[in-house]
Each structure stands twice: as structure tokens, then as C-alpha cells.
Amino acid sequence: MILVTGGTGLVGAHLLFKLAESGHSIKAIHRKGSNLERVEKIFGYYHEASADLFKTIEWIEADINDIPALEVAFLGVTQVYHAAALISFNPRDSKKLQKTNIEGTANIVNLCIDNSVEKLCYASTIGAIGKSAHSNHASENTPWTPQEANVYGLSKHAAEMEVWRGSQEGLPVVMVNPGVIIGPGFWDSGSGALFTTAQNTYGFYPPGGTGFISVHDVVDMMYGLMESNNKNERFIAVAKNWTYQKILTEITLELGIKPPKRRLKFWQLEIGRWFDWTKDLFFRNGRTITKSHIKSLKNRQIFDNGKISSALDFEFRPIQDEIRFCCQKFKEEHS
């Protein structure tokens, strides 16, 4: 029996589809009021009998900080995929990030140990990878430097420490550190907002860039690592190191929109950060531009994906194919 946390998110929904299609017995926890219909919609992107596949999942209402509910969910479980997380870059959310990402992960690790789970897979982020120096590629072994990390990256790094603690206590673990994950169905959050931004045809693109990867590649890595003999290792999950101009150009071309041509200046970003801070001060609607964001734009990071390629003989999907599929679904749902 496999347990999945975060099954109502982009990675979790696609992971559940892969596991269900492969015939596994699955439990998935979800919070009260979470959108299970969106998960079933994701299934419908890829399978004609999506409703039947969706029904094979045993859904359990539980929060990752609700120990009694988690104890019920863990009964009979042999493998755990932990993809649940709070994603926020707003410094005001630091306590919420600690509660969900750090304490919640500690709870999952402890229950894995208590229930003699055979293996745990944790979905982290490249935000928890150390910063490379002198234009070198960042790898899984690049030293961690918290000084330039945002609050989300800090919380995920601390969550990784809980996972490594579990490995020291005898729990076999594997970990993936994805870049920006490209996938369909979640247009109002995360990387899905790229498609909404591209559709609005602002004509601007931010400087810098980062690592990008298809959601299917992330899921295939997680599944492959769990089925392999690899343990107590983490793996960067990045297919391409692209600029933001490149990714927005690829998306706008697929949407039939004029690509952005004007590069945002850093002084414009600083002004935007000030307005963003002021807006959050009065309306408490969350920060979208922070100092750490601008620092990351100034110091572009290049990520090395060689480790996962060697470990699983892994071949990455073309990002353009994933963008094409996402744009097709985006246009169908925003006609």
C-alpha cells in the first residue's frame, strides 16, 4: 500500500495518476475542503476511463499536522511519497511555512519510522540547493548558503534535515529537488501562473532564469527512485536551464501571442518591490516580489542534472512538448 501526501497539488495529482494507472493500491490524504475534482480533471487529460482510475484511490481527510488522523492513514502502508507543502515566498508566512513544511515533514518521517515503512520519497525544491560560485553549475553537493535563500527555500531545507534525520534512524529515503515544474491544470498558482502571465501580453520579461522541468519527468523520477535500489540520496530535477525570456517566449508562441521583447530593469523591480510591500502592508494579500527574488534574478543559477541521468539512465522530455500540451489545455479552459 502506497500513501501520498499533497495529492491535490500539481505533482501529487500527476503522481496519483501514474500510480493508479500502474495498478498500485493507493491512499491519499487531503485537507478538508480541498479540490478533489481538480485531481479527477487531471486524470481526464490522460485517460478515457479517468473516473474509474480515480475511484481506485482511498482518500483520507487529514492534515500533516494532525497526528491521530495520520496514524489511521498510515495503517498498512509500505511506501510514502511526501509531496505536501505550503508554497509561499511572503516573509509574513514564515511561521506557517515552519508549521507545514518543517513540522509536517517531521511528523511524516516519525510515522514512517514508527510503522516500519520500506521507503520514503520527499519532493523538495532547487531552492534548497546551495548557490554555486564563479559560474559553476550547482549540484547536489554544493554547500548550502542560507543568507540568500527565501523563506520557502529555508523551510524546505529545514524539512530536508528532518528527512535526513529519518535516514539516520534507519528509514530508507530518496529526495528530488525540482526546478520550476511545467504542467497543466493549476493555472492560478505556481508555474501555472506563467500561462496566465503570458496570456496577458505584458510585453515584459524579467532578467535571469532558472531550471525548468516537465511534471511528468518529476513524477517518473520519484517513481523510478522508489522502485530502484537507490536510497539516502537526493537528485536535482531540472531538464533545462532557461532564461525567463526563453520560457515566456515559448509559451506565448504556442498561445499565438506576440513574445515579450522588453527586459525589466533592476530599478523597475525595486520600485515594484516597494509597491508590493506597501500593498501587502495595507491589504495583507501576500508578497510577490521580495529582496531574495531580486537577488536570485541578479545571480542566475545553473543546475547540473547529471546525477539523476546516471542513477536511472534517465532521459528528459522536451520542455517544448509539455508547453505545447499545457497551452492546448489552457486555451480549451480559457476560451
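The preceding data block contains the structure.
Residue numbers restart at each chain and count upward from 1, following the sequence in its written direction. Whole-chain, interface and lining totals are the exception, using all residues; otherwise, since this is a predicted model, local features are given only for residues with pLDDT of at least 70 and side-chain atom pairs are given and counted only at 80 or more. As a rule here, side-chain values come from all non-hydrogen atoms in the structure, and water together with hydrogens is ignored.

### What about the packing of helix α9 (residues 244-255) against helix α13 (residues 319-333)?
Running from N to C, α9 and α13 cross one another at 45 degrees; their axes reach a closest spacing of 9 Å. Considering the angle they form, α9 stands oblique to α13. Classified by chirality, the crossing of α13 by α9 is right-handed. On α13, the residues touching Ile247, Glu250, Ile251, Glu254 and Leu255 of α9 are Ile319, Gln320, Ile323, Arg324, Cys327, Phe330 and Lys331. Gly is put with the polar residues, along with every residue not named as nonpolar or charged; the nonpolar set is Ala, Val, Leu, Ile, Met, Phe, Trp, Tyr, Cys and Pro, and the charged set is Asp, Glu, Lys and Arg. Here the residues of the contact of α9 with α13 are counted per class, giving seven nonpolar, one polar and four charged. Fitted lines through C-alpha atoms give the axes, limited to the stretch in contact for helices. The angle between two N-to-C directions lies from 0 to 180 degrees. Numbering of helices and strands starts at the N terminus; helices are DSSP runs of H or I of at least 4 residues and strands are runs of E of at least 2. We call two directions roughly parallel when the angle between them is under 35 degrees, roughly antiparallel when it is over 145, roughly perpendicular when it lies between 65 and 115, and oblique otherwise. Note: crossing handedness is left-handed where the near helix turns anticlockwise from the far helix by less than a right angle, and right-handed where it turns clockwise. Residue contacts are counted whenever heavy atoms from the two residues lie within 4.5 Å of one another.

### Focus on the side chain of Asn101
Inspection of the secondary structure assignment puts Asn101 in helix α5 (residues 94-114). Within the structure, the side chain of Asn101 is placed 2.8 Å from the backbone nitrogen of Leu86, a separation counted as a polar contact. Whenever two N or O atoms come within 3.5 Å, that pair is a polar contact, provided that in protein one can donate a hydrogen and the other can accept it, and provided that, for residues adjacent in sequence, both atoms are side-chain atoms. Within polar-contact distance, the side chain of Asn101 engages the side chain of Ser155 at 3.0 Å.

### Some details on the sheet that holds strand β7 (residues 180-182)
Strand order in the open sheet made by the three strands is β7-β9-β11, with mixed pairing throughout. Each having just a single partner strand, β7 and β11 (240-243) make up the two edges of the open sheet. Here the strands of the sheet are splayed against their neighbours by 45 degrees on average, with no regard to which way each runs. Bridge count between strand β9 (residues 209-214) and β11: four bridges; the pairing is antiparallel. Bridged to Gly211 within β11 is Asn241. Along the sheet face, helix α8 (residues 215-227) touches β7 and β9 and points at about 70 degrees away from the line of β9. One requirement defines pairing of two strands: DSSP has to find at least two bridges between them.

### Quick notes on the pattern of salt bridges
By convention in these notes, a salt bridge is any Lys or Arg side-chain nitrogen within 4 Å of a carboxyl oxygen on Asp or Glu. This structure, assessed with the given rule, holds 14 salt bridges. Of the charged contacts in the structure, one is a salt bridge between Arg324 and Asp321, with a shortest N-O distance of 2.9 Å. You can see Arg324 and its partner Asp321 sitting in helix α13, three residues apart, about one turn around the helix. Partly exposed describes any residue whose relative accessible area lies between the buried limit of under 20% and the exposed limit of over 50%, with all areas from a 1.4 Å probe on protein chains only and scaled to the type maximum. You can call Arg324 partly exposed: its relative accessible area is 41%.

### Observations regarding the packing of aromatic side chains
Working definition: a ring pair exists when centres of Phe, Tyr or Trp rings (six-membered ring for Trp) sit within 6.5 Å. Plane angles under 30 degrees give stacked, over 60 give edge-to-face, the rest tilted. The tally for this structure, following the rule as stated, stands at 13 aromatic pairs. Relative to Phe325, the ring of Tyr46 lies with its centre 5.6 Å away and its plane at 20 degrees, an arrangement referred to as stacked. Note that Tyr46 is positioned in helix α2 (residues 36-46) and Phe325 in helix α13, a separation of 279 residues in sequence. We classify Phe325 as partly exposed; its relative accessible area is 23%. Centroid distance Phe314 to Phe316: 5.1 Å. Interplanar angle 70 degrees. Geometry classified as edge-to-face. Judged by relative accessible area, which is 14%, Phe314 ranks as buried. Phe316 sits in the partly exposed class, given a relative accessible area of 22%. Here the aromatic residues Phe17, Phe43, Tyr45, Tyr46, Phe54, Trp59 and Phe325 are joined through ring pairs into a cluster of three or more. Criterion for a charge above a ring: Arg CZ or Lys NZ at most 6 Å from the ring centre, at most 35 degrees from the ring normal. The ring of Tyr223 has Lys18 lying over it, and the distance from NZ or CZ to the ring centre is 5.1 Å.

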